[in-house]
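Given next are the chains, with one letter for each unit.
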Amino acid sequence: MKIAFVTGGASGLGAAIARRLHEDGFRVVLSDIDEQGGTRLAEELGGWAEFIRLDVSSEESWKAAIGYLEDRHGRLDVLVNNAGITTIGNIETLSFAALKREFSINLDSVFLGCQNAISLMKTYGGSIINIASGCSRKVKPDLAGYNATKAAVTMLSKTIALHCAKQGYGIRVNTVHPGAMRTPIVDKVLSQSDDPDALLASFIADHPIGRIGEPTDIAAMVSFLASEQATFVTGAEFFVDGGMTL
């Protein structure tokens, strides 16, 4: 059975992705720092799902997670680097500490995840799917750190895709770029605003399709990129953003 590993899997996009890959027939190992939420979802999904704790910003934690996958399953076919945070702040108001934290969780996690997973994936090949953002292309002035981290995720992913292709590993690497999604992260962003109703209305207005996205919208794209239908797809960007970047 093929193995899929999903970070930030306890809620939001990660939970929807874990559910979809489980439905697709993968044995899903989901990870998060939220042990209660992750364990609950793994139990809900049943026998082909399990949870392990992972701090995505920690090299030691990643090495332990990949070691666990190798010892228990002997392979890894799909890696979804989904974990991330969003912090409100423009170039004048965002603290350096907040910026470093955002880079650590949003970008370092992708570097560490890919670097540690490749050694296990290259035996059989597979698919790495990194969750970026529409903000990697169309920025918002009050998301200085988030814009930068997601742009960096995009270019790092392309670099890894080219490396894996040149090495003949059979590992495809692509990025998925959501627009605003109905997730707990959006709720946290709204809670940082003085006028959350107006901010939500502005999010909706940014999307020509007339709504913000649902986690299942992203899970469907991940499902495609993880499948045998996408074997000729690597180094590409997939915008699932309701037209936000048009």
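To be clear, the structure that these remarks concern was listed above.
Reference entry: report on the structure contained in this document. A quick note: this is a predicted structure, and the numbers were derived from the prediction, not measured.

### Considering the overall build of the protein chain
What the protein chain contains, in helices and strands, is 8 helices and 7 strands. Relative to the compact-globule value of 18 Å for 246 residues, the protein chain shows a C-alpha radius of gyration of 17 Å, a close match. By principal-axis analysis of the C-alpha atoms, the protein chain measures approximately 50 × 40 × 35 Å. Here the protein chain holds 246 residues, and the buried ones make up 54% of them. Nonlocal contacts in the protein chain, meaning residues at least 24 apart in sequence, comprise 68% of its contacts between residues at least 6 apart. With the model as given, the accessible surface of the protein chain reaches about 11300 Å², and the carbon-plus-sulfur share is 54%. Taking the average place of the 22 positive charges on the side chains of the protein chain and the average place of its 28 negative ones, the gap between the two points comes to 6 Å.

### Description of the side chain of His207
Take His207: it is sitting in the loop between helix H7 (196-205) and helix H8 (215-226). Since its relative accessible area comes to 3%, His207 is described here as buried. Of the polar contacts made by the side chain of His207, one reaches the backbone nitrogen of Ala180; its length is 3.1 Å. Here His207 is in contact with Gly179, Ala180, Ile212, Asp241, Gly242 and Met244, once residues within four sequence places are set aside.

### Looking at the environment of Ile218
With respect to the secondary-structure elements, Ile218 resides in helix H8. On a C-alpha basis, the gap between Ile218 and Ser58 in space is 26 Å, while along the polypeptide they are 160 residues apart. Not counting chain neighbours up to four residues away, the residues in contact with Ile218 comprise Leu13, Ile17, Ile131, Val176, Pro178, Met181 and Val240.

### Observations concerning the packing of aromatic side chains
Counted according to the given criterion, the structure contains 1 aromatic pair. Residues Phe5 and Trp62 carry aromatic rings whose centres are separated by 5.9 Å and whose planes lie at 80° to one another, so their mutual orientation is edge-to-face. In this pair, Phe5 is assigned in strand S1 (residues 3-6) and Trp62 in helix H3 (residues 59-73), connecting sequence segments 57 residues apart. Assigned by exposure class, Phe5 and Trp62 land together as buried. One Lys or Arg, Arg75, reaches over the ring of Tyr124 and ends 4.1 Å from the middle of that ring.

### Points about the packing of helix H4 (residues 96-121) against helix H5 (residues 144-167)
Running from N to C, H4 and H5 cross one another at 15°; their axes reach a closest spacing of 9 Å. It follows from the interaxial angle that H4 and H5 lie roughly parallel. In this structure, the crossing between H4 and H5 has a hand that is right-handed. Residues Leu99, Glu102, Phe103, Asn106, Leu107, Val110, Phe111, Cys114 and Ile118 of H4 pack against Gly145, Tyr146, Ala148, Thr149, Lys150, Ala152, Val153, Leu156, Ile160 and Cys164 of H5. When grouped by side-chain class, the residues that make up the contact of H4 with H5 number 14 nonpolar, 3 polar and 2 charged.

### A closer look at the side chain of Thr175
Mapped onto the secondary structure, Thr175 falls in strand S6 (residues 171-178). Since its relative accessible area comes to 1%, Thr175 is described here as buried. A distance of 2.8 Å separates polar atoms of two side chains, one belonging to Thr175 and the other to His177. When near neighbours in sequence (up to four residues on either side) are disregarded, Thr175 contacts Asn130, Ala132, Val153, Thr154, Ser157, Ala236, Glu237 and Phe238.

Thresholds applied
- Residues numbered from 1 in each chain as written.
- Predicted model: local features only at pLDDT ≥ 70, side-chain atom pairs only at ≥ 80, totals over all residues.
- Heavy atoms only, no water.
- Helix = DSSP H or I, 4+ residues; strand = E, 2+ residues; numbered from the N terminus.
- Rg over C-alpha atoms; globule rule 2.2 N^0.38 Å.
- Buried < 20%, exposed > 50% of the residue type's maximum accessible area, 1.4 Å probe, protein only.
- Contact = heavy atoms within 4.5 Å.
- Areas by Shrake-Rupley, 256 points an atom, 1.4 Å probe, with all protein chains shown as cover.
- Lys, Arg positive; Asp, Glu negative; His and termini not counted.
- Charge placed at Lys NZ, Arg CZ, Asp CG, Glu CD.
- Polar contact = N/O pair within 3.5 Å; in protein donor to acceptor, adjacent residues only side chain to side chain.
- Phe/Tyr/Trp six-rings, centres within 6.5 Å; stacked < 30°, edge-to-face > 60°.
- Lys NZ or Arg CZ within 6 Å of the ring centre and 35° of its normal.
- Axes fitted to C-alpha atoms, helices over the stretch in contact; angles between N-to-C directions.
- Parallel < 35°, antiparallel > 145°, perpendicular 65-115°, else oblique.
- Left-handed = near helix turned anticlockwise from the far one by under 90°.
- Nonpolar A, V, L, I, M, F, W, Y, C, P; charged D, E, K, R; others polar.

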